[in-house]
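Residue-level structure breakdown
So you can see what is in the structure, the chains are spelled out below.
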Amino acid sequence: WSENRAAPGPAVYLRDRMSAEARHDYGRELVELRGALSDIAIPAAHAVDRTRACIEGTLRDIETLA
């Protein structure tokens with residue numbers, strides 16, 4: 001990240017500000033949200049896609065820290 005400031009940085013809020021238990025709970029809640037997302041009436045499909053991508057990225061970050 002220090003070589004390319006345009007790249008996403010480390011997930012410090014997950015690593016430094018959440019316990020392992022809190023990260024686990026957060027990940028579980030994100031999985032639930034990901035499943036419920038298709039049931040929410042959102043007219044802008046790009047917003048759904050962006051939200052899903054953010055959820056997936058966060059879940060990958062949590063997995064990396066596990």
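Relevant structure appears above.
The structure displayed is predicted, hence computed values, not measured ones.

Examining a nonpolar patch on the surface
A cluster of nonpolar side chains, contributed by Leu33, Ile40 and Ile42, occupies part of the molecular surface with about 220 Å² of accessible area. Within the secondary structure, isoleucine 40 sits in the loop between helix 2 (20-37) and helix 3 (45-65).

Brief notes about the packing of helix 2 against helix 3
The contact between helix 2 and helix 3 brings their axes to 10 Å, and the two run at 155°. Accordingly, the angle class assigned to the pair helix 2 and helix 3 is roughly antiparallel. Note on packing geometry: the crossing formed by helix 2 with helix 3 is left-handed. Judged by residue contacts, Arg23, Tyr26, Gly27, Leu30, Val31, Leu33, Arg34 and Leu37 of helix 2 engage Val48, Thr51, Arg52, Ile55, Glu56, Thr58, Leu59, Ile62 and Leu65 from helix 3. Among the residues making up the contact of helix 2 with helix 3, the classes are represented as ten nonpolar, three polar and four charged.

Some words on the pattern of salt bridges
As enumerated under the stated definition, the model contains four salt bridges in all. Residue aspartate 25 is joined to arginine 28 by a salt bridge in which the shortest nitrogen-to-oxygen separation is 3.5 Å. Of the two residues, aspartate 25 and arginine 28 both sit in helix 2, three residues apart, roughly one turn of that helix. Overall, aspartate 25 belongs to the partly exposed group, its relative accessible area being 26%. Among the salt bridges present, the one from arginine 28 reaches glutamate 32, with a minimum N-O distance of 3.7 Å. Highlighted residues: arginine 28 and glutamate 32, both in helix 2, separated by four residues, approximately one helical turn. When its relative accessible area of 40% is taken as the criterion, arginine 28 is described as partly exposed.

Rules used throughout
Residues numbered from 1 in each chain as written. Predicted model: local features only at pLDDT ≥ 70, side-chain atom pairs only at ≥ 80, totals over all residues. Heavy atoms only, no water. Patch = residues over 30% accessible without salt bridge, like charges linked within 9 Å, V, L, I, M, F, W, Y side chains within 5 Å. Areas by Shrake-Rupley, 256 points an atom, 1.4 Å probe, with all protein chains shown as cover. Salt bridge = Lys/Arg side-chain N within 4 Å of Asp/Glu carboxyl O. Helix = DSSP H or I, 4+ residues; strand = E, 2+ residues; numbered from the N terminus. Axes fitted to C-alpha atoms, helices over the stretch in contact; angles between N-to-C directions. Parallel < 35°, antiparallel > 145°, perpendicular 65-115°, else oblique. Left-handed = near helix turned anticlockwise from the far one by under 90°. Contact = heavy atoms within 4.5 Å. Nonpolar A, V, L, I, M, F, W, Y, C, P; charged D, E, K, R; others polar. Buried < 20%, exposed > 50% of the residue type's maximum accessible area, 1.4 Å probe, protein only.

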